[in-house]
Every structure is written in C-alpha cells, then in structure tokens.
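The residues making up each chain are set out below.
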Amino acid sequence: MKKSAPPLGLYLHIPFCKSKCLYCDFYSLPRREEEMDRYTAALLQHLEEMAPRASSHRVDTVYFGGGTPSYLGVKRLEKLLKTVKKRYPVEKTAEITLEANPDSLDDWRSVRALRRAGVNRISLGVQSADGGELRAIGRIHTFAQAEAAVEAARRAGIHNLSLDLIYGLPGQSMESWRKTVERALDLGPEHLSCYGLKLEEGTPLFKTQDTLDLPGDDLQADMYLWAVRFLAERGWEQYEISNFARPGFASRHNLKYWRLEEYAGFGPGAHSDFGDVRYAYVRDLDGYCRGVAEGADMLSESERIPPRARDLEYLMLGLRLVQGVERREFEDRFRLPFAPIQAVLEAFRGTGHAAEAQGRWHLTPEGFLVSNQIIGQVLEALGQEKLRREKAAEAHDFRIR
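Residues numbered from 1 in each chain as written. Predicted model: local features only at pLDDT ≥ 70, side-chain atom pairs only at ≥ 80, totals over all residues. Heavy atoms only, no water.

## What about unusual backbone geometry?
Piece 1. The omega torsion across Gly66 and Gly67 is 20°, close enough to zero to call that bond cis.
Piece 2. Assignment of secondary structure puts Gly67 in the loop between β4 (58-66) and α2 (74-87).
Piece 3. Of note, Arg31 is a non-glycine position whose phi angle comes to about 55°, a positive value.
Piece 4. Topologically, Arg31 is positioned in the loop between β3 (29-30) and α1 (36-50).
Piece 5. On the basis of relative accessible area, Arg31 is assigned to the exposed category, the value being 56%.
Piece 6. For Gln358, which is not glycine, the phi torsion reads 55° and is therefore positive.
Piece 7. Tracing the sequence through the fold places Gln358 in the loop between β16 (354-357) and β17 (360-363).
Piece 8. A relative accessible area of 82% places Gln358 in the exposed class. (Helix = DSSP H or I, 4+ residues; strand = E, 2+ residues; numbered from the N terminus. Buried < 20%, exposed > 50% of the residue type's maximum accessible area, 1.4 Å probe, protein only.)

## Describing the pattern of salt bridges
Piece 1. Tallying each qualifying case throughout the model produces 26 salt bridges.
Piece 2. Put simply, Arg310 and Asp273 hold a salt bridge, and the shortest N to O gap is 2.8 Å. Here Arg310, found in the loop between β14 (299-304) and α11 (311-318), pairs with Asp273, found in strand β12 (residues 271-274); they are 37 residues apart in sequence, far enough to count as distant. For the residue pair Arg310 and Asp273, the accessibility class agrees, reading buried in each case.
Piece 3. Between Glu331 and Arg327 there is a salt bridge, and its shortest N-O distance comes to 3.5 Å. Taken together, the positions of Glu331 and Arg327, both in helix α12 (residues 327-334) and 4 residues apart, correspond to about one turn of that helix. (Salt bridge = Lys/Arg side-chain N within 4 Å of Asp/Glu carboxyl O.)

## Side note on helix α13 (residues 339-350)
Piece 1. Between its first and last C-alpha, α13 extends 17 Å over 12 residues, near the 16 Å set by a 1.5 Å rise per residue.
Piece 2. Within two residues after α13, Gly352 carries a phi angle of roughly 85°, on the positive side. (Expected span 1.5 Å × (residues − 1).)

## Quick look at helix α8 (residues 217-233)
Piece 1. A rise of 1.5 Å per residue sets the reference length of α8, with its 17 residues, at 24 Å; its end C-alpha atoms lie 24 Å apart and thus fit the reference within 8%.
Piece 2. Listed in full, the buried residues belonging to α8 are Gln220, Ala221, Met223, Tyr224, Leu225, Trp226, Ala227, Val228, Phe230 and Leu231.
Piece 3. Contacts from the buried residues of α8 go to β7 (161-167), α6 (174-186), β8 (191-196), β9 (237-240), β10 (243-245) and α14 (365-369).
Piece 4. In the segment just after α8, Gly235 is the residue with positive phi, at about 90°. (Contact = heavy atoms within 4.5 Å.)

See the structure below:
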C-alpha cells in the first residue's frame, strides 16, 4: 500500500434495529431479523465486486452506521470486517467505528470479539440521561444500560468511545440537559455529538409536534451555547457544529464528509462520493439485494461532479467546521474570487457570528446557531459573482464576433 495513495472511507449501512425511534428519518427496519443473513450475503458480494475500484486507494476509515449495526450480531459483523480487510487496502491504523444502542452492547465478551475483528471505535446512542425524555422519543434503553454498555466497551479494550446526545427533546429543561451532559462526561468518553432535535417530515414526532412540550428556539439556543462553553472549560475541542472531542479524538470518518474526501457507501440508502461521482442506493432492502444479485439498477441518484465544480460544497460543508474556509485555498482550488464571500462574512463578523484568523474564516458558536442563514447568503453571493462572470464572458464573445 503506497502512502501517497489517496485516502478512502468505507460506510456500511446496517438497516436493522429492535425498535424505530419516533424521530428517526434514516432507512431502518425494526423487527426484520429474518432478513439479516440475506442482507449480509448481499453486502459481502457487493464489497467483493467493488474492491477492484478501491485498489489504488488506502482505506483509512470504516464506519458501520444504521439502524443499529450492533444488532446485526457479532458473527455477521466479523464476516463483513474479514472481507473488508482481505479485499481492501486497509491501513493498520484505520479508524473502524461501530454504531450501537446501549441495550445491544451489554456483553463485554461480544465487544471484545468485535475489537479483535478490528473495531476500535464505538459510537453509542445515549441521547439523554432522563428516562422520561428517552420514552418521549421512543428510545427503549435506560441510562443504566448506557452505563453498562460503556463499562462493557472499556472492559473489552475499546479506547475510543463516542456518545450521542440530543437537546430540544419533549419536556426537556435546561436543568435536565445540563444533567445529561454532566452524566455523559462522568462516563469518560473521548467524543461527544450534541444534536438539536429535528422533526423530520413523515416521522411520528413530526405528526404530533403540536401536542409536544418542546423547548422554544431561545431555550434550545441556550442549551447549545451552554454545552459549547461547558465542554471548552473542561478541555474539549469543538471541531464541527455538533461535534466535540478530547484532543486527538475527532471522528476521522465524519471529517471526510466535511472536507470533501472520498468515501464509498454500501447498503440501501447509503451515499458515496467516489471517483468524482456522487451517488446513492435505493432506500429499499429488497431492491438493493436484488440489484446486487442480478446486476439490476439499484441507484437512486448519480451525478458526476468535477473537482472545479465543488465550490458550493466546499463553502457549505467547510463553514460547518470550526476550522472554517481559507481564502487562498478557495481561490487556488476553484479559480474564483473570494471577495464576494468575504463581504458576507465581514458583515456577520460585525454581529459576532463569524470570525477570521490567519486567513481562515469560520463561524462562532452563535453563528453556528444560524448557520443555514449565513451559508445561504454566502452561496447567493457566490452565485451572483458566477452569473456576473458568465455575462461578462458572453459580452466579450459577442464583441469578438
């Protein structure tokens, strides 16, 4: 494996779960255990078929997402990891993450088997330390089970543990949010993801939102800003809108998405950005398995995006990072002026929502709260500049004729 080979992340979607949460919009299938063997076989075949395309890369991250990947069972996960390691150029230091729910990670011997198979990072969906809040969103675990899962992971030798938390839950107060974050820190994780609850259309929570006791926008903003300050005071580094880590433990796989690095997804609903093509597979287990077995079309979307055409993505994703975007990098990479973008960011610097240091522009925590608005204005400014340049080029061509 050449060190100069471009990095590649692999994402394996495991759509099975014991029970679907009331806010979940991901492609997941509760109580479909009878499909697990068929689906694992399809994933193994797809991994084998795609392996030659990755031969010139080096796989530095592997991520099992879901659904609840740990619900698939140790034996099936071991088979998948064995194939990945055998057929793909996986680095010895690759970050290999498994998402899990606390109720499916209580046996340290099973976790040890997964660690020996290659898993070295676990992302645990804790969400809240309050039992009532967990029940309100359809979670079937307790915080005591989260504590037991962390203990099992540590006993099994997992030294990179991430916990997911959600603020803005039904009935949640600032006091209960503080207790959730504090109790999560007491578990000693290396990484925290703190997400604001999103009511996605089509989910049970979306349909009943008018009957829910949801925290208002101002309270949710206070919850977020308190968490940012609280974690910073304790030595945690915020590196993305919703993600915080102890030094050296930022999620290498998730950073690929925000830095426009290549990744290849497998499974129904999985997305990829590989070989200058962005594509996704159908959100249908049967359609995916049939596509793998019969060579039938199983793509739901596919678009070729040349590197020079990724200017909007660079800005949209880069401004989610605390590192932000850099003027010279943007201009060298996309051959476009940064000045219109900087004008927008300068205006938001005046309101305390953006900042600049050593040529890099980034949003402040207050700016992250209104990031959609800021990014929207940045993209509009860039679009107007590109339109102006197109019109100028057309006028020049007309004069030449």
